[in-house]
Amino acid sequence: MLKVQNLTKKFSNVVAVSNISFEVLPGRIFGLLGPNGAGKTTTIRMILNIIKPTEGTILFRGKKTGYSFQNLVGYLPEERGLYRKSRVIDVLRYFGELKGLSKSRALEEALRWLRRLDIEIYQARRIEELSKGNQQKIQFITAVIHDPEVLILDEPFSGFDPINQEMVKEIISELVAREKLVLLSTHQMEVAEDLCSNIFLINDGQEVLSGPLSEVKKNFGTDIYRLEFEGDPSLLRSIELAEVIHLNGGSAEVRLKQNALPHEFLKCAVDKLRVSHFSEVEPTLNKIFLQSIKQKSKSSIQGS
Amino acid sequence: MKKIMKIALFEFMEKIKTRAFLIFMIVFPLIIIAISIVPSMLIDTSEDTTHPVGVLDFTGDYTQGLIRQLNEFKFPNGEPNYIVINLYSKDKSKDEMTKFADRLVMEGNIEGYIMVQPKGQDSLSVSYRNRSLGNFNDVPRFEKVFNNVYAAERLRRHGFDPSVINRLISNVQLNPVKIGQPGIQKEMSPEMIYFSSVIFLMLLFMMILFSGGLLIRSVVEEKSNRIMEILLSSCTPDELLTGKILGLGMLGLFQILVWAIIALALLGGHYIPMEIFHEIGLSMLYFVLGYLFYTAIFVGVGSVVTTEQEAQHFTGYLSIVLILPLVISLKVIQSPDILLVRILSFIPFTSPPIMLLRIKVMTPPVWEIILSTLILIFSIYLTIIITSKIFRIGILSYGKRPTMKELAVWLKEK
């Protein structure tokens, strides 16, 4: 496992990352989430040993990640780029060999991945001659060519069409199934919700929320309920315990007021309407994300 | 270490495949060949054929002497250098004779003519009249010949015996001989010395600018498209830096090898003078050190600049520093041990080119060679340390170029 402890990075006058800790476990995807500029990339760079943390440690299998860790990690950076003038196969072999593969292994793996992603016909082409989507595939191969123990993906799906997104997802889940560590960084909450089982939400360099996704959702709680009914919608509005936030024919979403209990509300509703369905609406990650960040910044304003 | 070699090899292979490199490798020797062969071919053709030259002597005293002495100039193959024609005729006026002689020159019948006119009581006016200003060799030769004839004539008037006169005015030729080590001598014409020293300077100059340009562009590219991050997640900045410098060094060696083969081929045809290989070991030492020094600087700067334009500006500035030795090269060859030249031999920016020149002309004192080499090696070491610090941070800074103050902070970081 990969353990990040009390990680802090200060640049001359900015604190980019402040005292964060988390753990990436095998067999599940870890989501490092946050808005742009939250400190995600800085955190990743520290894990990759590209920059040194001001404070804190990063442990992989109990040992500090030194330069030997470099051969064990694969990285797909957010901003993509490759040697435009070079041939596909040369670039793949180079990155493979830089990750410690032997000459022949690097070639073998490069060809295997090109086949797997259906782009083997381009192996002798220059990178710049490839379409954007295919360049993305090449870039993805550079991250996985050496079968890394730890895979770090920064916005892995940007630039892929839905078909290729599926292909990449499939490869990622294969790696997860093989007990590899996968850290995925994104600001697209739908992606994270879909893939990650553990999340860490970061904003302004600080932890906002973390934990298994299901727990996070549970803890976040909800005061929003969905109701399906027959009858006059205006009667629904007359119930004082809740506020209707969304109404569409016979279906509505309501937010309970403070201290109101769901069963009290339901009782009132049943009195006035024919209720056919009543359920708690699970918050989307997006909602949690937005709301937590709002709260956090509110409290920090109050605090200061 | 393994990774360093991989980086070096990749850099080398990728650069060698670029069109720019191929063009450079072929075009540069062509330029050198053009510079070296064309002038020598031009001189050769004009020197190997016999020229008709006229003598128009209004005094009548020197005609015979001039004709006799000019006829003595022979090519190595025994052919005469000049066919001398007496243009004086008693029937014509002075004006007519001059006009006739001028016409012969203008029409290309003769190369030119020596005109001797009495001037005042006891003086002469002598001129060599021709279309161009005259060949390097001809004018001083004619001057010498005339002075001999003139002196002989005057001595004769004073009653000297002709055999005595000949002995009195016999000339001694001065041969330039360069002493490398005591007892070992080498004859060299000044043109040859100049050419054989400057060729290395130009080689160094072109190679630094060309491969430095390549290097800076590759770093800028890697920064701008973030390949740098993948690289740095696979190797340390120092490995990357060393690999790049090594790769470029290999590229330089490859270039030299190719050029050397071309040079040797041309040597077989006697197009390139053997003198180029004089003190080749010492030359190579300065060449390699100079190359390394400038390459290290280029890498450091490459990591700081963020756009291609900035890179070009920088290359421009550096070429000014590099061109200085070329500008003063003539002075260095003429007086290789004046104070300024000796000072420049110790400054790492100028010592490789200046020393390359000095070595060819006059082997500098051993202590100067050792000291300047040590300074150079130390500077390379220092540059690489500074560069690697700047590189480590510079390669990750995008957008705006760091200020001097920020650079100073980087240098202090561990």
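Throughout what follows, the structure given in this document is the object of discussion. None of these values were measured; they are calculated from a predicted model.

### Concerning the sheet that holds strand S4 (residues 55–60) of chain A
All names here are of chain A.
- The strand order across the open sheet formed by four strands is S2-S1-S4-S5, and the pairing between neighbours is antiparallel. Whereas interior strands pair on both sides, the edge strands pair on one side only; in this sheet they are strand S2 (14–24) and strand S5 (63–64).
- The pairing of strand S1 (residues 2–11) with S2 spans seven bridges and is classified as antiparallel. Among the inter-strand pairings, Leu-2 is bridged to a residue of S2, identified as Val-24.
- This element, helix H1 (residues 40–47), spans S1, S2 and S4 of the sheet and lies at about 115° to S1.

### So, the nonpolar core
- If you look at the biggest cluster of nonpolar residues, it comprises 131 residues, and the most contacted ones within it are Val-91, Ile-152, Val-182 and Leu-184 of chain A together with Leu-204 and Leu-356 of chain B.
- The dominant element in this core, judged by the number of residues it contributes, is helix H7 (residues 190–224) of chain B, at 14 residues.
- Other than its neighbours up to four places away in sequence, Leu-204 of chain B contacts Phe-287, Gly-290, Tyr-291, Pro-352, Pro-353 and Leu-356 of chain B.
- In terms of nonpolar packing, the next biggest core, distinct from the first, is built from 19 residues, Leu-56, Tyr-62, Met-115 and Val-116 of chain B among them.

### Side note on the interface of chain A and chain B
- Between chain A and chain B, the residue contacts involve 21 residues of the former and 17 residues of the latter.
- Broken down by secondary-structure element, the contributors of at least two residues to the side of chain A that touches chain B are strand S6 (73–76) and helix H2 (88–98) of chain A.
- For the side of chain A that touches chain B, the element with the most residues is H2 of chain A, which contributes four residues.
- When its residues are assigned to classes, the side of chain A that touches chain B shows 12 nonpolar, five polar and four charged.

### Observations concerning helix H15 (residues 366–394) of chain B
- Taking 1.5 Å per residue as the helical rise, H15 of chain B with its 29 residues ought to reach 42 Å, and the 40 Å between its terminal C-alpha atoms agrees with that figure.
- All of the buried residues along H15 of chain B are Ser-372, Leu-376, Ile-380, Ile-384, Thr-387, Lys-389, Ile-390, Phe-391, Arg-392 and Gly-394 of chain B.

### Regarding unusual backbone geometry
Residues and elements named next belong to chain A.
- A positive phi is found at Asp-118, a non-glycine position, where the angle reads about 65°.
- Asp-118 gets classed as exposed once you count the C-beta atoms within 10 Å, which come to 12.
- Positioned with a positive phi, Asp-204 is a non-glycine residue whose angle comes to about 50°.
- With respect to the helices, strands and loops of the structure, Asp-204 is situated in the loop between strand S9 (198–203) and strand S10 (206–212).

### Re the sheet that holds S9 of chain A
Residues and elements named next belong to chain A.
- In space, the six strands of this open sheet follow the order S6-S7-S8-S3-S9-S10, with mixed pairing throughout. Edge positions in the sheet fall to S6 and S10, since each of these pairs with one other strand and no more. When the angles between neighbouring strand axes are averaged without regard to direction, this sheet yields 15°.
- With five bridges joining them, strand S3 (residues 29–33) and strand S8 (residues 181–186) adopt parallel strand pairing. Each residue of the ladder has a partner; that of Leu-33, found in S8, is Thr-186.
- Across the sheet, H1 is in contact with S3, strand S7 (150–154), S8 and S9; its angle to S7 comes to roughly 155°.
- Running at roughly 110° to S10, helix H7 (residues 213–220) makes contact with S9 and S10 of the sheet.

### Focus on the packing of helix H10 (residues 280–304) of chain B against H15 of chain B
Residue and element names in this part refer to chain B.
- Interhelical geometry of H10 versus H15 gives an angle of 20° and a closest axis separation of 8 Å. Judged on the interaxial angle alone, H15 and H10 are roughly parallel. Considering only the axes of H10 and H15, their crossing is left-handed. Along its contact with H10, which presents Leu-285, Leu-289, Leu-292, Phe-293, Ala-296, Ile-297, Val-299, Gly-300, Ser-303 and Val-304, the element H15 presents Thr-373, Leu-376, Ile-377, Ser-379, Ile-380, Thr-383, Ile-384, Ile-386, Thr-387, Ile-390, Phe-391 and Gly-394.
- Classifying every residue of the contact of H10 with H15 gives 15 nonpolar, seven polar and no charged.

### A look at the environment of Thr-387 of chain B
Residue and element names in this part refer to chain B.
- Inspection of the secondary structure puts Thr-387 in helix H15.
- Residue classification places Thr-387 among the buried positions, given that 23 C-beta atoms sit within 10 Å.
- Along the chain, Thr-387 and Thr-49 lie 338 residues apart, while their C-alpha atoms are 59 Å from each other.
- Those residues in contact with Thr-387 that sit more than four places away from it in its chain are Leu-241, Ala-296, Val-299 and Gly-300.

### Some thoughts on the pairing of strand S1 (residues 51–57) of chain B
Residues and elements named next belong to chain B.
- Across the seven residues of S1, five count as buried, placing the element largely inside the fold.
- Across five bridges, the pairing between S1 and strand S2 (residues 82–86) is parallel. Its bridge partner lying in S2, Val-55 is registered against Asn-86.
- Read as a crossover between parallel neighbours, the route from S1 over helix H3 (residues 63–70) to S2 is right-handed.

### Examining the pairing of S6 of chain A
All names here are of chain A.
- Judged by which residues are buried, S6 turns out to be covered on both faces: Val-73 and Tyr-75 on one side and Gly-74 and Leu-76 on the other are all buried.
- Two strands pair when backbone bridges link them, and S6 and S7 are joined in this way by four bridges, in the parallel orientation. Bridging from a neighbouring strand, Val-73 pairs with Val-150 of S7.

### Some thoughts on helix H4 (residues 94–106) of chain B
- Given a rise of 1.5 Å per residue, 13 residues ought to cover 18 Å, and the 18 Å separating the end C-alpha atoms of H4 of chain B matches this to within 8%.
- A positive backbone phi angle near 85° is found at Gly-108 of chain B, which sits one or two residues after H4 of chain B.

The rules behind the values
Residues numbered from 1 in each chain as written. Chains lettered and ligands numbered in written order. Predicted model: local features only at pLDDT ≥ 70, side-chain atom pairs only at ≥ 80, totals over all residues. Pairing = 2+ DSSP bridges. Helix = DSSP H or I, 4+ residues; strand = E, 2+ residues; numbered from the N terminus. Contact = placed C-beta atoms within 7 Å. Axes fitted to C-alpha atoms, helices over the stretch in contact; angles between N-to-C directions. Core = buried A, V, L, I, M, F, W, Y, C linked by C-beta atoms within 7 Å. Buried ≥ 20, exposed ≤ 12 C-beta atoms within 10 Å, placed from the backbone. Nonpolar A, V, L, I, M, F, W, Y, C, P; charged D, E, K, R; others polar. Expected span 1.5 Å × (residues − 1). Parallel < 35°, antiparallel > 145°, perpendicular 65-115°, else oblique. Left-handed = near helix turned anticlockwise from the far one by under 90°. Right-handed = clockwise from strand over helix to strand, strands pointing away.

Just distances and angles here, no functional claims.
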